[in-house]
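Summary of structural features
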Amino acid sequence: MKYFRNSLLILTTILAFSSCKEKEKKKEEVLRPVSFQVVGTSDAQKIRTFSGTAKASDAIGLSFRSGGVITKVNHWKGAKVKKGDIIARLDNVEANLAYEQSVSALNSANSAMKTAKSALERVKSLYESGSQSLSDYEAAKNSYQSALDQYESARRNKSIQATQVSYGIIRAPKDGVIAWTDGAVDERVSSGHQFAMLNAGDDLKIEIGLPESLVNRVSVGMETDLEFSAIDQGSFKGTVIEVSPSIDENSSTYITAIGIIDPSPEIKPGMATNVTLNFGSNDSSSNNALVIPLKAVGEDSNGNFVFVIESEDDKTGTVKKLAIEVGDLTSDGFQIKSGLAGGEKIATAGLQTLLDGQKVRLQ
């Protein structure tokens, strides 16, 4: 009986200890997420990097101007083409039928016009000899004019239908290389379908999308740094050559083109690029003062403070309340007179709910 009570006591102790451990584990896992920012200078915060793509300077989209079934593709992705080469064509059944009908109508109108002309010449001769009345002569002239008008209309219609037939054929407008194609033989496409992209220029450019908050700070001629992940050569220099005046509906950004200074032959259209812009390089007010966001600064009875996050793995850490002295308020935030040296991680949200020494999760 004593042995049973001792065993029960040991089991109860183990369960209680396990329960406490489980509670402690759950408590440790529930860490408050905190947004943060690394303290830097005003100039450092004005340097931004955007993802871009290398493109041919003269990239031309090639589209079918009518709908139908693709019956022939002469040049696929990667093919070199000359100006005037047929890249692809549609069956164009409707357009071809309409063209044939227009040719038949033109032939009939031509025949009717010639008949009316012969009749007019005969009536005119008889009228001049006094064998036909003036009314007969006027009627003949009207018949000929009507037949002539119908002939001219049929001739214009034939020209229009011939153009419609050409809408089902894609020709290369310039010498170049087919960058990509979208379609296959026997596939039905609609009018306006872009079947291919032709890289017609030898020069390359980089395209990036700028948000509306920055587009007005970029101008043509602004210098940039370019890095290509596929090239080991290092960075390249570039200059802004074009800034779109209107927003792109697909990306909700302003497409900006950048020319490459001294490009390498290794740079190919389609390569991913990191484009770095320094928005402080042309700013007369640019300086090296430490600047932190307005939302990162708290205030209590002792003055201004920030919560510095001490972390070893950049995943979790401990917040430490630190008194600071702020200076002027700029467009980038408060300048710091004392209290921070630069490089510290500071909380940028929820300062009212943070406690000195609290453990948090970085996000």
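You'll find the structure just up there.
Parameters and conventions
Residues numbered from 1 in each chain as written. Predicted model: local features only at pLDDT ≥ 70, side-chain atom pairs only at ≥ 80, totals over all residues. Heavy atoms only, no water. Helix = DSSP H or I, 4+ residues; strand = E, 2+ residues; numbered from the N terminus. Contact = heavy atoms within 4.5 Å. Pairing = 2+ DSSP bridges. Axes fitted to C-alpha atoms, helices over the stretch in contact; angles between N-to-C directions. Phe/Tyr/Trp six-rings, centres within 6.5 Å; stacked < 30°, edge-to-face > 60°. Buried < 20%, exposed > 50% of the residue type's maximum accessible area, 1.4 Å probe, protein only. Lys NZ or Arg CZ within 6 Å of the ring centre and 35° of its normal. Expected span 1.5 Å × (residues − 1).

1. Notes on the side chain of Thr224
Relative to the helices and strands, Thr224 is located in strand 14 (residues 223–228). Not counting the four nearest positions on each side in its chain, Thr224 is found in contact with Phe236, Lys237, Gly238, Thr239, Val240, Ile258, Val275, Thr276 and Leu277.

2. Points about the sheet that holds strand 17 (residues 272–278)
On the basis of which strands lie adjacent, the closed barrel formed by six strands has the order 4-13-16-15-14-17 and antiparallel pairing. Each adjacent strand pair in this sheet contributes to an overall mean axis angle of 40°, direction not counted. The sheet contact formed by strand 15 (residues 235–243) and strand 16 (residues 254–261) spans six bridges and is antiparallel. Residue pairing across strands places Glu242 opposite Ala257, the latter belonging to strand 16.

3. A short note on the packing of aromatic side chains
Evaluated as defined, the whole model comprises four aromatic pairs. Centroid distance Phe64 to Phe195: 5.8 Å. Interplanar angle 55°. Geometry classified as tilted. Here the residue Phe64 occupies a position in the loop between strand 5 (59–63) and strand 6 (68–73), and Phe195 occupies one in strand 12 (residues 194–199), the gap between them amounting to 131 residues. In this pair, the class of Phe64 matches that of Phe195, namely buried. Arranged with centres 5.1 Å apart and planes meeting at 5°, the rings of Tyr127 and Tyr137 form a pair that is stacked. Of this pair, Tyr127 sits in helix 2 (residues 93–129) while Tyr137 sits in helix 3 (residues 134–166), and the two are 10 residues apart along the sequence. Over the face of the ring belonging to Phe305 we find Lys321, whose NZ or CZ atom lies 4.4 Å from the ring centre.

4. As for the side chain of Thr273
Counting through the fold element by element, Thr273 comes out in strand 17. You can call Thr273 buried: its relative accessible area is 2%. Setting aside residues up to four positions removed in sequence, Thr273 forms contacts with Phe50, Ser51, Gly52, Thr53, Ala54, Ile206, Leu226, Glu227 and Phe228.

5. Observations regarding helix 3
For the α-helix, the turn length of 3.6 residues means that residues three or four positions removed from each other point alike. With 33 residues, helix 3 extends 49 Å between its outermost C-alpha atoms, agreeing within 8% with the 48 Å of an ideal straight helix rising 1.5 Å per residue. Listed in full, the buried residues belonging to helix 3 are Tyr137, Ala140, Tyr144, Ala147, Tyr151, Ala154, Gln161 and Val165. Turning to helix 3, the residues buried within the fold contact helix 2 and strand 9 (169–171).

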